[in-house]
Protein chains: 2
Amino acid sequence: MIVLGVDPGLTRCGIGAVAMDAQRPRLVAVTVIRSDASLPIEQRLLHIHTELNRIIDEVRPDEMAVERVFSQHNVKTVMGTAQVAGLVMLAAAMRGIPVAMHTPTEVKAAVTGSGRADKEQVTTMVTRLLGLDERPSPADAADALALALCHGWQAPMRAKLAASR
Amino acid sequence: MIVLGVDPGLTRCGIGAVAMDAQRPRLVAVTVIRSDASLPIEQRLLHIHTELNRIIDEVRPDEMAVERVFSQHNVKTVMGTAQVAGLVMLAAAMRGIPVAMHTPTEVKAAVTGSGRADKEQVTTMVTRLLGLDERPSPADAADALALALCHGWQAPMRAKLAASR
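If you're wondering where the values come from, they're calculated on a predicted model, not measured in any experiment.

1. Topic: the overall build of chain A
Then step 1. Counting secondary structure elements, chain A contains 5 helices and 5 strands.
Then step 2. Helices and strands appear in chain A in the N-to-C order β-β-β-α-β-α-β-α-α-α.
Then step 3. For chain A, whose C-alpha radius of gyration is 15 Å, the value lies close to the compact-globule estimate of 15 Å for 165 residues.
Then step 4. Residues classed as buried in chain A amount to 50% of the 165 residues present.
Then step 5. In chain A, the share of contacts with a sequence separation of at least 24, taken over all contacts with a separation of at least 6, comes to 60%.
Then step 6. Side-chain charges of chain A comprise 18 positive and 17 negative groups, with the mean position of each set lying 5 Å from the other.

Right, here's the structure in full:
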């Protein structure tokens, strides 16, 4: 199973895909979609939408995961993040790919064991878990991979829950 | 010039289109896209995206306007509203239709003369300005028409500003 994780953002949108079938998770793709802050918002969203859909069609994930946006200090940032999260969910729904949201705490706890881990710790664990030669950078890319791992590990649990309904 | 106004929302998304060429603005279309709150968020976004794009292709607006979302008391509502606003801007950008955002205060002031007008007053003025036999309902539909009128009236000013650059 390939899981595509997305850490949504207008300026930097982290994308990380991992394959969960093997004994150990394997990196499939990692990138960051950037959009020019000097462009009008609708052009930025169109650029992110286009790139995101290109990546999804390339990676062909079985499931997708998006980081759940919470109220941050900066209202403008939250709005942009929510708009990008909306595009991600739309892209998944258009292809019938199951998509779930996970909180940052949930993701940090899944990969480091602590919901209060910092970005450095998350990156270190993602690098180790995927056996990477280099630390994924920027942090948004590492976050997207952490999200994909978190989602992938929860899959058997979700399957059990669904079967017991 | 036909202006399509959208009052974004997950549960009710108001859509109102007006033609601004004639001596008096004329109603082109008014509707509300609803999405079932019991559906997963991605299915709701897909439904809104599909309906919205169908309406845009029918109405063929020259310009679009979206109500600018502000921090509201309910964080969950804001997120949904921002996600739908993102879809509206994406739909406009995909077709090369200029899209602008207007604040609720700006819209109220444009149609009633007061930025603090209530929903009743906005509906009354929209009904009168467009010479409608019935008051548009629900309030989201009236808001979308008010937004379209606000945007349409500002068009000559925007054209002047653009020319003077």
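2. A closer look at the relation of the copies chain B and chain A
Then step 1. Overlaying chain B with chain A gives an RMSD of 0.0 Å, the required rotation being 180° about an axis along which the chain moves by 0.0 Å. The superposition of one copy onto the other is thereby described by a two-fold rotation axis. Among all residues of chain B, the one whose C-alpha sits closest to the rotation axis is B:Gln83, at a distance of 2.2 Å.
Then step 2. Of the interface residues in chain B, 100% have counterparts in chain A that sit at the interface too, so the contact is made through matching surfaces.

3. Remarks on the sheet that holds strand E5 (residues 99–102) of chain B
Residues and elements named next belong to chain B.
Then step 1. The strand order across the open sheet formed by 5 strands is E3-E2-E1-E4-E5, and the pairing between neighbours is mixed. Either end of the sheet is taken by a strand with one partner, and the two such strands are strand E3 (26–34) and E5. Here the average twist between neighbouring strands, direction ignored, is 20°.
Then step 2. When strand E1 (residues 2–7) meets strand E2 (residues 12–19), the two strands line up antiparallel, connected through 6 bridges. When the bridges of E2 are listed, Val-3 appears paired with Val-18.
Then step 3. Seen against the sheet, helix H1 (residues 41–59) touches E1, E2, E3 and strand E4 (63–67) and runs at an angle of roughly 165° to E3.

4. Here's the deal with the packing of helix H3 (residues 104–112) of chain A against helix H5 (residues 139–163) of chain A
All names here are of chain A.
Then step 1. The interhelical angle for the contact between H3 and H5, taken along N-to-C directions, is 80°, at an axis separation of 9 Å. With respect to their mutual orientation, H3 and H5 come out roughly perpendicular. Residue-level contacts link Glu-106, Val-107, Ala-110 and Val-111 of H3 to Ala-146, Leu-147, Leu-149, Cys-150, Trp-153 and Gln-154 of H5.
Then step 2. Of the residues assigned to the contact of H3 with H5, the class counts are 8 nonpolar, 1 polar and 1 charged.

5. Thoughts on the nonpolar core
Then step 1. Ranked by size, the top nonpolar core spans 66 residues in total, and within it A:Leu4 and B:Leu4 carry the most contacts.
Then step 2. Leave out the neighbours within four places in its chain, and A:Leu4 touches A:Ile15, A:Gly16, A:Ala17, A:Ile55, A:Ile56, A:Val59, A:Pro61, A:Glu63, A:Met64 and A:Ala65.

6. Examining helix H2 (residues 75–95) of chain A
All names here are of chain A.
Then step 1. Here H2 spans 31 Å end to end across 21 residues, near enough to the 30 Å set by a 1.5 Å rise per residue.
Then step 2. For H2, the buried fraction is high: 16 of the 21 residues fall into the buried class.
Then step 3. Of the residues one or two after H2, Gly-96 is the one with positive phi, at around 70°.

7. Side note on the interface of chain B and chain A
Then step 1. Residue-level contacts link 23 residues of chain B with 23 residues of chain A.
Then step 2. For the pair chain B and chain A, the summed buried surface comes to about 1900 Å²; carbon and sulfur atoms form 81% of the total.
Then step 3. It is B:Glu42, B:Met79 and B:Leu90 in chain B that bury the most area against chain A; as a group they hold 26% of the surface buried on that side.
Then step 4. Linking chain B with chain A are 0 salt bridges.
Then step 5. On the surface where chain B and chain A come into contact, there are 0 residue pairs in polar contact (both at pLDDT 80 or more).
Then step 6. Contributions of two or more residues to the side of chain B that touches chain A are made by H1, helix H2 (75–95) and E5 of chain B.
Then step 7. At 12 residues, H2(B) tops the list of elements feeding residues into the side of chain B that touches chain A.
Then step 8. Residues of the side of chain B that touches chain A, tallied by class, amount to 17 nonpolar, 5 polar and 1 charged.

8. With respect to the sheet that holds strand E4 (residues 63–67) of chain A
All names here are of chain A.
Then step 1. Across the sheet, 5 strands lie side by side as E3-E2-E1-E4-E5; this open sheet has mixed pairing. For this open sheet the edge positions go to strand E3 (26–34) and strand E5 (99–102), each flanked by a neighbour on one side alone. Here the strands of the sheet are splayed against their neighbours by 20° on average, with no regard to which way each runs.
Then step 2. When E4 meets E5, the two strands line up parallel, connected through 4 bridges. Residue pairing across strands places Val-66 opposite Met-101, the latter belonging to E5.
Then step 3. Helix H1 (residues 41–59) contacts strand E1 (2–7), strand E2 (12–19), E3 and E4 of the sheet and is inclined by roughly 165° relative to E3.

Here is what the cut-offs are and how they apply
- Residues numbered from 1 in each chain as written.
- Chains lettered and ligands numbered in written order.
- Predicted model: local features only at pLDDT ≥ 70, side-chain atom pairs only at ≥ 80, totals over all residues.
- Heavy atoms only, no water.
- Helix = DSSP H or I, 4+ residues; strand = E, 2+ residues; numbered from the N terminus.
- Rg over C-alpha atoms; globule rule 2.2 N^0.38 Å.
- Buried < 20%, exposed > 50% of the residue type's maximum accessible area, 1.4 Å probe, protein only.
- Contact = heavy atoms within 4.5 Å.
- Lys, Arg positive; Asp, Glu negative; His and termini not counted.
- Charge placed at Lys NZ, Arg CZ, Asp CG, Glu CD.
- Least-squares fit on C-alpha atoms with pLDDT ≥ 70 in both.
- Pairing = 2+ DSSP bridges.
- Axes fitted to C-alpha atoms, helices over the stretch in contact; angles between N-to-C directions.
- Parallel < 35°, antiparallel > 145°, perpendicular 65-115°, else oblique.
- Nonpolar A, V, L, I, M, F, W, Y, C, P; charged D, E, K, R; others polar.
- Core = buried A, V, L, I, M, F, W, Y, C linked by side-chain atoms within 4.5 Å.
- Expected span 1.5 Å × (residues − 1).
- Buried area = accessible area lost by both parts, 1.4 Å probe.
- Salt bridge = Lys/Arg side-chain N within 4 Å of Asp/Glu carboxyl O.
- Polar contact = N/O pair within 3.5 Å; in protein donor to acceptor, adjacent residues only side chain to side chain.

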